[in-house]
Amino acid sequence: MSDKSKNTHCILPYMHLYAEPTGLVKPCCIGGEFEDKLSLRDLSVEEAINSPQMKQLRKDMSEGVRNSVCMVCYEREDRGETSPRQNFNNNTLWKMPKVGKDFSVPKDALQHIDIRFSNLCNFKCRMCNHTFSSEWYKEVPLVENPHDDEIRTKEYYDYWKQNNPKKVIKAKEGIVEELKPFLPSVKSWYFAGGEPLITPEHSELLNYLHETKPTIDIWGRQKKDVSIHYNTNLSILKFNKYNFLDIWFDFNKVFLSISCDGVGDVGEYQRTGFKTDVFLKNLKEIQKYFKPADSETQEVGYGYNFQYTTTIYNVFHIWDFYKFMLDEGHIEHERNIDFYYAWAPRRSALKYLPDHDKPRVIEYLTDLLTKFKEPTTINKIESMIAFTKEQPDEHFMRYERDQIIKENTRLDELRGGKQMKDINGMDWMKTYKAPIGSPIWKKQQELKGLKNFGKKDDDGNPIYKAPVGSSKWKDDKGQKNLF
């Protein structure tokens, strides 16, 4: 790495392959899409690795040019944060391969694979979507529909289903077989989903690695020479004939990044499908063999940490979650929790909160800076504060703000149980200043009407007047026409 490239170079594009359940290939899981999209459904693995897009990215990095697909890391560094790029470059497991004059890499350059085999999942988290959760299939056209009238809503629903005919989508049929020739050089795997532990392709590949990978001596024991990292909701530990605990202990490193965004009502609200009792039961089983650890520093053995995705729903639960995990002995220190924030979808992201809710969030997060002690944790909280303070673009403010109100309202209506206001104290039907005449405004007026229905002022006139165009207004008008 030259002085010219030290601020742009990342090892991943040289020795790594990432693909989403749709087949979409990107530089990594947080990278942007290439302008000319890459897909495993159209290309072989080898063609994707040495595609014109990937070679251009390597060229840009070597020349100190910031390629737009990697701006998420560069922008974090500009804010003074430690970026994933910097962490990847410090990984001692991976080695830079030989690079051709055209910036191609050999077949044995592939050392790390992160392919989301499918979107098969047993949760439907509020900050997720159908690309990464099959359970979202029925709700996407109902929640994300931009229309309010019945006719256009039905048209949108039919249109979405026509363009998304399958509940479960796969990156590529036969992908495990296609990967097998590359496996001798692969040193590490990252399994996510969907939920990887219920994905058949994951079980097939894990079993193949278990049967074929050579062993090395680790502390006097023979272990398969491969490192495996999971992002899992820990809802199951067995799948079909596979007991993962029996298989994992034959590998030299297994690390579980456990997705958990709260316990009790908060966790069960944000991650529909999450059950606190099941989670704690499986966690207790895991703790017989796995220890709280840091994914970036653990080189061998069996460890776990928690990944807490901060959204508008659980932001006020951060400290309670940390204290619960610490007091119950599930973690040893702050480094055992990775605090992230969701930047999409907008309905869940702190940046897109209505202005009147932001001060309370910023005050809470600022107070956390006095409670947490680890520099890494403090840095992440500071990033959340900066993200919350960001102002959405003008187009969002003018045309899309009502949509996030509608989407969260629809989610509460579809899923029942606790409402958002019960979880985070934000009651947008009362506090959000919707444009007069908008669907949200009409809904607010109707809710006010339910509260004041039948009441009269001092002069004997009804307090509640249904908004023009509302269903109550139409009913009243119809009744008047009868007389």
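Residues numbered from 1 in each chain as written. Predicted model: local features only at pLDDT ≥ 70, side-chain atom pairs only at ≥ 80, totals over all residues. Heavy atoms only, no water.

The next point concerns empty space enclosed by the protein. Per the stated rule, a full pass over the model turns up three cavities of 30 Å³ or more. Its volume calculated, the largest cavity comes out at about 120 Å³. Lining the largest cavity are 16 residues; nearest its centre among them are Cys10, Cys28, Met61, Cys70 and Cys73. For the lining of the largest cavity, the secondary-structure elements that each account for two or more residues are α1 (12-15), α4 (71-78) and α5 (84-89). Counting residues per element, the lining of the largest cavity draws most heavily on α4, which supplies three residues. Each residue belonging to the lining of the largest cavity can be placed in one class, and the counts come to 13 nonpolar, two polar and one charged. (1 Å grid on protein atoms, 1.4 Å probe; cavity = no way out; pocket = protein on both sides within 12 Å on 5 of 7 lines; lining within 4 Å. Points joined across faces, edges and corners; volume = space filled by probe spheres on them. Helix = DSSP H or I, 4+ residues; strand = E, 2+ residues; numbered from the N terminus. Nonpolar A, V, L, I, M, F, W, Y, C, P; charged D, E, K, R; others polar.)

Another point: the side chain of Glu195. Relative to the assigned elements, Glu195 resides in the loop between β6 (188-191) and α9 (200-212). Summary of buried charges: Glu195 has no salt-bridge partner, and the nearest side chain of opposite charge, Arg271, is 7.4 Å away. When residues no more than four places from it in sequence are discounted, the contact partners of Glu195 are Leu120, Cys121, Asn122, Asn231, Thr232 and Asn233. (Buried < 20%, exposed > 50% of the residue type's maximum accessible area, 1.4 Å probe, protein only. Lys, Arg positive; Asp, Glu negative; His and termini not counted. Salt bridge = Lys/Arg side-chain N within 4 Å of Asp/Glu carboxyl O. Contact = heavy atoms within 4.5 Å.)

Our next topic: unusual backbone geometry. A cis geometry characterises the amide bond from Gly193 onward to Gly194, with omega recorded as 10°. Tracing the sequence through the fold places Gly194 in the loop between β6 and α9. Following Ala344, the chain continues to Pro345 via a peptide bond in cis, the omega torsion being -5°. Along the chain, Pro345 falls in the loop between β15 (337-341) and α14 (358-368). For Leu234, which is not glycine, the phi dihedral falls at a positive 60°.

Here we take up the pairing of strand β1 (residues 16-19). Residues His16 and Tyr18 line one face of β1 and the alternating positions Leu17 and Ala19 line the opposite face, and both faces are buried. Where β1 lies against strand β4 (residues 112-115), four bridges are found, and the strand directions are parallel. Note on β4: the bridge partner recorded for His16 is His112. As judged from the two bridges shared by β1 and strand β2 (residues 24-26), these two strands associate in the antiparallel manner. Its bridge partner lying in β2, Ala19 is registered against Val25. Where β1 folds back onto β2 in an antiparallel hairpin, the turn is made up of four residues, including Gly23, whose phi is positive at roughly 95°. (Pairing = 2+ DSSP bridges.)

Under the counting rule described, the total for this entry stands at 26 aromatic pairs. Grouping aromatic residues by their ring pairs yields a cluster made of Phe117, Trp189, Phe191, Tyr230, Phe244, Trp248, Phe249, Tyr289, Phe290 and Tyr302. Just above the ring of Phe182 sits the side chain of Lys107; from NZ or CZ to the centre is 5.2 Å. Sitting over the ring of Tyr340, Lys380 keeps its end group 5.0 Å from the ring centre. (Phe/Tyr/Trp six-rings, centres within 6.5 Å; stacked < 30°, edge-to-face > 60°. Lys NZ or Arg CZ within 6 Å of the ring centre and 35° of its normal.)

Next up on the list: the nonpolar core. The biggest cluster of nonpolar side chains holds 125 residues, and the ones touching the most others in it are Ile115, Trp189, Trp248, Leu256, Phe290, Phe306 and Leu365. Not counting the four nearest positions on each side in its chain, Leu365 is found in contact with Val315, Ile318, Ile381, Met384, Ile385 and Thr388. (Core = buried A, V, L, I, M, F, W, Y, C linked by side-chain atoms within 4.5 Å.)

Moving on, we come to the pairing of strand β11 (residues 251-259). Across the nine residues of β11, nine count as buried, placing the element largely inside the fold. Looking at chain direction, strand β8 (residues 221-232) and β11 are connected through seven bridges and run parallel. When the sheet's bridge partners are listed, His229 is paired in β11 with Phe255. Note: β11 against strand β14 (residues 301-310), seven bridges, orientation parallel. Its bridge partner lying in β14, Ser259 is registered against Gln307.

Once that is clear, we can look at the pattern of salt bridges. What the rule picks out here adds up to 28 salt bridges. The partner of Asp78 in a salt bridge is Arg66, and the shortest N-O contact between them spans 2.8 Å. Of this pair, Asp78 sits in helix α4 while Arg66 sits in the loop between α3 (52-62) and α4, and the two are 12 residues apart along the sequence. For Asp78, a relative accessible area of 52% puts it in the exposed group. Under the relative-accessibility criterion, Arg66 is labelled partly exposed at 37%. For Lys124, the salt bridge identified is with Glu139, shortest N-O distance 2.9 Å. Taken together, the positions of Lys124 in strand β5 (residues 124-125) and Glu139 in the loop between β5 and α6 (140-143) put the pair 15 residues apart, joining distant regions of the chain. Considered together, Lys124 and Glu139 belong to a single accessibility category, that of buried residues. By sharing partners, the salt bridges in this structure join Lys124, Glu139 and Arg415 into a single network.

Glancing now at the confidence of the model for the protein chain. For the protein chain, per-residue confidence averages 91 on the pLDDT scale, and residues scoring 70 or more make up 93% of the total. The low-confidence segment residues 479-483 (pLDDT under 50) makes zero contacts with residues lying over four places distant or belonging to another chain. (pLDDT = per-residue confidence, 0-100.)

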